[in-house]
Protein chains: 2
Amino acid sequence: MAKITTIIDIGSNSARMAIFQKTSRYGFHLIHELKSKVRISEGSYEHDSYLQPQAMARALNALKEFKKVSDSLKSRKLICVATSALRDAPNKAEFIAQVKKECGIAIKVIDGTKEAYYGALACANLLHEKSGVTIDIGGGSTELACIENGVIQTMVSLNLGSIRLKELFFDHNNMQEAYRYVRKYVKEHIKDIKAFCASSSFMNNLNVFGIGGSIRAYAKYEMDLESYAFNFLHGYELCVENILEHLETITHASNEWLLESGFEEGRIDSIRPGLLILQVILEELSAKKLIISGVGVREGAFLNDMLRYHHGKLPNDINPSVRSLQDIFLTSLDDSKTISKHTKTLFNLLKEPYDLEDSHLQALQVASKLYNIGANFNFYQAHKHSAYIALHSLHYGFGHKERYTIATLLESSHKKRPKIITQTLENLLPEHDALQILSFIFALSVALAKEKKITLEFRDYTLSIGIHALPLQQALKEIVLPRLEEYPRLGFIVNEI
Amino acid sequence: MAKITTIIDIGSNSARMAIFQKTSRYGFHLIHELKSKVRISEGSYEHDSYLQPQAMARALNALKEFKKVSDSLKSRKLICVATSALRDAPNKAEFIAQVKKECGIAIKVIDGTKEAYYGALACANLLHEKSGVTIDIGGGSTELACIENGVIQTMVSLNLGSIRLKELFFDHNNMQEAYRYVRKYVKEHIKDIKAFCASSSFMNNLNVFGIGGSIRAYAKYEMDLESYAFNFLHGYELCVENILEHLETITHASNEWLLESGFEEGRIDSIRPGLLILQVILEELSAKKLIISGVGVREGAFLNDMLRYHHGKLPNDINPSVRSLQDIFLTSLDDSKTISKHTKTLFNLLKEPYDLEDSHLQALQVASKLYNIGANFNFYQAHKHSAYIALHSLHYGFGHKERYTIATLLESSHKKRPKIITQTLENLLPEHDALQILSFIFALSVALAKEKKITLEFRDYTLSIGIHALPLQQALKEIVLPRLEEYPRLGFIVNEI
């Protein structure tokens with residue numbers, strides 16, 4: 001596979017380009033993204049889906065610009081998919097031929113099922129939750145797919161989209177009609193999805209993975225509302241019970257209200273119909289949690305190509321963001337392995353007495369892999385830089401809580417005892433005592449990074465570390481014991497073996 | 001030259017190891033540092049400089065530990081130098097043979113002039129000021145060297161050191177005697193240095209580059225005192241006029257006062273004699289500015305090896321920190337070059353009307369080189385990550401003001417107009433209007449990154465940009481004009497060419 005790959009996605013509302021860099025077989029990250037709100041579907045819903053000349057001209061220009069940027073980044077492969085607007089257009093051949101001729105881009109029109117599959121492929125591989133229903137709300141259509149333990153199941157494509165509804169109903173002030181129409185349409189068309197959910201393990205605890213511009217714009221609104229601590233969308237979680245009322249408010253809101261509430265001007269005319277679709281589907285599915293996905297059709301098309309000999313699935317133990325960081329910074333691999341081994345042994349010893357959760361071990365393991373990455377920028381305060389990089393780079397496959405926990409472990413590996421800065425951030429970390437123990441485990445493991453062979457025992461809340469005679473054990477001496485509120489005090493002793 | 005090089009420096013007070021990674025011919029950065037306060041000189045000043053058995057045993061153990069860490073980082077070259085304590089010791093051969101036998105490390109005892117040269121080599125190549133006098137205050141000796149425009153001139157080594165004075169005077173409560181002794185000794189031995197300063201261009205505006213543990217500990221104290229915005233020492237500047245009184249206070253202070261003022265316990269017994277030497281030399285030289293150097297003998301020994309065919313001088317246009325970042329992140333080189341070209345053209349057009357300084361052009365050029373480095377971590381908010389990395393990684397060759405200016409340009413390349421966060425930080429940036437203009441220049445250049453051929457004209461405070469017809473000029477439309485307080489409003493227009 002090419003090292004740099006460009007994916008272009010021509011949606012009804014906007015054309016978007018994402019450029020990915022592969023750093024190794026499974027390591028990759030986004031290096032560029034461009035969006036052009038060409039609205040190729042403009043006017044088409046009232047003209048039997050025929051693409052209109054002005055809209056086609058806008059799209060062609062955008063694709064020329066995209067191609068130029070893609071070439072300048074030395075991208076070696078370009079995949080261009082088009083969805084609902086072109087799918088429906090009787091005159092699509094004309095546009096496709098023109099783009100081929102003038103930009104050298106071969107547009108591949110994908111059907112609704114493929115579109116649903118790409119969105120699901122992205123979520124199944126790049127979100128932290130592995131079961132749920134994806135909802136990809138576009139300008140012309142909405143795709144749903146069921147994922148169970150990372151396996152993509154039932155898929156459906158609905159002829160409901162934010163621009164489509166806007167042109168058919170909202171532009172004519174037929175809002176009441178729109179609500180009725182969407183409710184009825186959804187009820188009729190998601191029966192398979194509902195049936196699958198009812199039969200599956202997540203029946204009463206359904207995650208919905210939300211994809212698309214309307215949902216992202218809405219997520220920003222919610223983040224603002226709760227003064228959320230981070231500014232990354234991917235993996236952001238919302239409790240459906242708490243937000244249905246907000247959705248109701250927004251779908252009925254005036255333009256002025258939307259602008260005052262921070263929605264961008266270019267989003268005003270499509271956000272109401274877009275969120276109406278979301279609201280109805282969340283209600284119909286009795287969803288519990290809405291998890292915002294920053295990845296969708298483009299990442300899906302990329303993964304579909306990258307994983308074509310791997311059944312569309314990244315290996316279980318591979319995280320593309322962690323891998324990508326490791327690929328860029330190849331130092332201290334030996335130490336990482338030793339630290340990782342120590343954290344695992346310590347975790348297993350302390351897990352029961354301190355009620356640690358399995359997810360905590362994963363955080364320790366990832367922190368071990370990244371423990372010294374910050375030293376690439378500045379050896380001094382390297383732990384802080386490692387924490388910064390982890391927090392901002394662990395984009396794929398981590399919930400925000402996991403990201404922040406990993407960053408906190410990296411940061412406290414030096415000072416040895418994590419401090420809680422604000423209440424808001426506290427909710428994004430493990431319980432107080434668990435965090436203290438985890439931080440101790442990590443700091444101790446880092447201090448023992450050069451000791452491949454040690455013995456570890458735990459008895460009477462005391463950890464015995466057997467270690468070969470060392471001239472200096474400065475790092476060990478600096479380890480600060482965890483300060484526990486509810487659990488018994490933990491001590492440790494060091495013996496020579 | 002080996003890719004990873006270890007330098008060990010056995011001083012009178014502590015043994016230190018620095019491990020450097022070369023990323024290309026001139027790009028390098030520190031990847032590890034270890035310090036062991038073995039105080040090999042302990043007891044020697046009262047025993048005719050004979051190294052004492054216990055002190056030698058401590059040093060041997062430390063070197064074993066160092067070697068182990070160095071090997072684990074796959075260092076391919078190890079250079080070990082020893083200074084004053086070994087230089088003076090009649091029984092050094094015994095210690096050197098033992099270290100060779102038990103650690104496989106060949107100690108090279110360097111004379112005072114070589115020690116002064118190494119410190120000066122580090123400062124001349126890795127500090128932002130290119131003329132001044134280095135003062136390297138160690139446990140057993142103090143070295144001075146004159147640097148003029150990056151060329152190392154007169155050097156001298158004084159038999160004055162923090163541990164030496166402590167053992168000879170302070171331990172016996174002969175403080176008054178110590179003051180007299182140091183004053184007299186310095187007066188007698190720095191005549192050559194004074195003569196050189198008097199004859200040189202920097203006579204009335206002398207920079208002193210301060211090297212060594214005592215000076216670093218003191219710099220931390222000053223940073224605390226003024227609640228300094230950053231936590232990096234290298235390149236930190238102090239006005240001598242303002243600090244002589246502080247030095248007087250510290251050299252006369254009690255242990256309790258020193259501890260309360262934040263000095264570390266292990267530093268208490270040597271900080272007074274160490275800073276006494278500094279105080280006297282600053283006074284004798286009538287120095288204007290004390291610039292803290294985080295680099296010294298170790299970096300000098302490293303550069304001496306790396307630059308052995310280059311007359312000990314990095315090429316003028318090479319900065320090892322910038323180069324090292326570029327080596328790690330090889331993306332977007334083309335864009336960087338185009339942006340750099342645009343910033344230069346724009347700078348030259350706007351320099352006179354807006355009274356820009358030449359140093360501002362350097363900041364623009366470095367920002368151009370690093371403009372997209374943050375995208376390696378997360379494409380979203382990449383400008384923030386670029387700013388973070390620049391601020392913390394531009395360790396060598398930049399003053400703090402330059403570092404922060406570059407970071408601010410990178411950060412505002414997106415939002416387009418820099419905000420001043422606090423008064424403290426404002427002092428570390430160019431004047432308000434200059435910063436607005438620089439930020440505009442940089443944002444505009446980034447927006448034109450894909451346009452290699454443009455025309456730029458400036459007349460009547462309006463910038464005319466001639467550009468080939470472009471399908472999309474979104475980036476240009478988002479450019480925010482500078483908000484100026486004292487200079488005439490700047491406008492710009494875009495024409496097709």
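Residues numbered from 1 in each chain as written. Chains lettered and ligands numbered in written order. Predicted model: local features only at pLDDT ≥ 70, side-chain atom pairs only at ≥ 80, totals over all residues. Heavy atoms only, no water.

Draft legend 1. Region of the structure containing the interface of chain A and chain B. Residue-level contacts link 43 residues of chain A with 43 residues of chain B. For the pair chain A and chain B, the summed buried area comes to about 3800 Å², and 56% of that belongs to carbon and sulfur atoms. Where chain A touches chain B, the interface holds two salt bridges. In this structure, Glu451 of chain A and Lys68 of chain B form a salt bridge, with 3.1 Å as the shortest nitrogen-oxygen distance. (Contact = heavy atoms within 4.5 Å. Buried area = accessible area lost by both parts, 1.4 Å probe. Salt bridge = Lys/Arg side-chain N within 4 Å of Asp/Glu carboxyl O.)

Draft legend 2. How the structure looks around the pairing of strand 1 (residues 4–10) of chain A. Residues and elements named next belong to chain A. The element strand 1 is largely enclosed, with a buried count of seven among its seven residues. Burial along strand 1 is two-sided: Ile4, Thr6, Ile8 and Ile10 facing one way and Thr5, Ile7 and Asp9 facing the other are all buried. With seven bridges connecting them, strand 1 and strand 2 (residues 15–22) associate as antiparallel partners. In the strand pairing of strand 2, Ile7 is matched with Ala18. (Buried < 20%, exposed > 50% of the residue type's maximum accessible area, 1.4 Å probe, protein only. Helix = DSSP H or I, 4+ residues; strand = E, 2+ residues; numbered from the N terminus. Pairing = 2+ DSSP bridges.)

Draft legend 3. Main features of the environment of Ile147 of chain A. All names here are of chain A. Within the secondary structure layout, Ile147 lies in strand 7 (residues 142–148). For Ile147, a relative accessible area of 0% corresponds to the buried category. Residues Ile147 and Lys130, 17 residues apart in the sequence, show an inter-C-alpha distance of 7.0 Å. Not counting chain neighbours up to four residues away, the residues in contact with Ile147 comprise Ala120, Cys123, Ala124, Lys130, Ser131, Gly132, Thr134, Ile152, Phe202 and Phe209.

Draft legend 4. Quick peek at the UniProt feature "domain: Ppx/GppA phosphatase N-terminal" (unreviewed entry) in chain A. The UniProt record annotates "domain: Ppx/GppA phosphatase N-terminal" (unreviewed entry) at residues 19–308 of chain A. Secondary structure across residues 19–308 of chain A comprises 49% helix and 19% strand; the distance between its end C-alpha atoms is 18 Å. (UniProt positions renumbered as here; feature names shortened; annotations may be inferred.)

Draft legend 5. Summary view of the pairing of strand 6 (residues 132–137) of chain A. All names here are of chain A. By the criterion of burial, strand 6 is predominantly enclosed, with six of the six residues buried. Sheet analysis places strand 6 next to strand 7, joined by six bridges and oriented antiparallel. Residue Val133 lies in a different strand from strand 7, and its bridge partner there is Cys146. Where strand 6 hands over to strand 7, the hairpin turn is made up of four residues, counted between the paired strands. Bridge count for strand 6 against strand 9 (residues 207–211) is four bridges, and the pairing is parallel. Bridging across to strand 9, Val133 finds its partner in Val208.

Draft legend 6. Expanded view of the packing of helix 13 (residues 320–328) of chain A against helix 15 (residues 358–370) of chain A. Residues and elements named next belong to chain A. One can describe the packing of helix 13 onto helix 15 by two numbers: an axis separation of 10 Å at closest approach and a directional angle of 20°. By the angle between their directions, the pair helix 13 and helix 15 is classed as roughly parallel. For helix 13 against helix 15, the interelement crossing comes out left-handed. Together, Val322, Leu325 and Gln326 of helix 13 and Val366, Lys369 and Leu370 of helix 15 make up the contact between the two elements. Here the residues of the contact of helix 13 with helix 15 are counted per class, giving four nonpolar, one polar and one charged. (Axes fitted to C-alpha atoms, helices over the stretch in contact; angles between N-to-C directions. Parallel < 35°, antiparallel > 145°, perpendicular 65-115°, else oblique. Left-handed = near helix turned anticlockwise from the far one by under 90°. Nonpolar A, V, L, I, M, F, W, Y, C, P; charged D, E, K, R; others polar.)

Draft legend 7. Quick look at a negative patch on the surface. All names here are of chain A. A surface patch of like charges, here negative, comprises Glu352, Asp355, Glu357, Glu426, Glu431, Glu485 and Glu486. Relative to the elements of secondary structure, Glu486 occurs in the loop between helix 20 (474–477) and strand 14 (491–496). Judged by relative accessible area, Glu486 falls into the exposed class, the value being 70%. (Patch = residues over 30% accessible without salt bridge, like charges linked within 9 Å, V, L, I, M, F, W, Y side chains within 5 Å. Areas by Shrake-Rupley, 256 points an atom, 1.4 Å probe, with all protein chains shown as cover. Lys, Arg positive; Asp, Glu negative; His and termini not counted. Charge placed at Lys NZ, Arg CZ, Asp CG, Glu CD.)

Draft legend 8. Main features of the relation of the copies chain A and chain B. For the match of chain A to chain B, the screw axis carries a shift of 0.0 Å, the RMSD comes to 0.0 Å, and the turn is 180°. Between the two chains, the operation in question is that of a two-fold axis. Among all residues of chain A, the one whose C-alpha sits closest to the rotation axis is Ile328 of chain A, at a distance of 3.7 Å. Both copies share a contact surface, since 100% of the interface residues of chain A are interface residues in chain B too. (Least-squares fit on C-alpha atoms with pLDDT ≥ 70 in both.)

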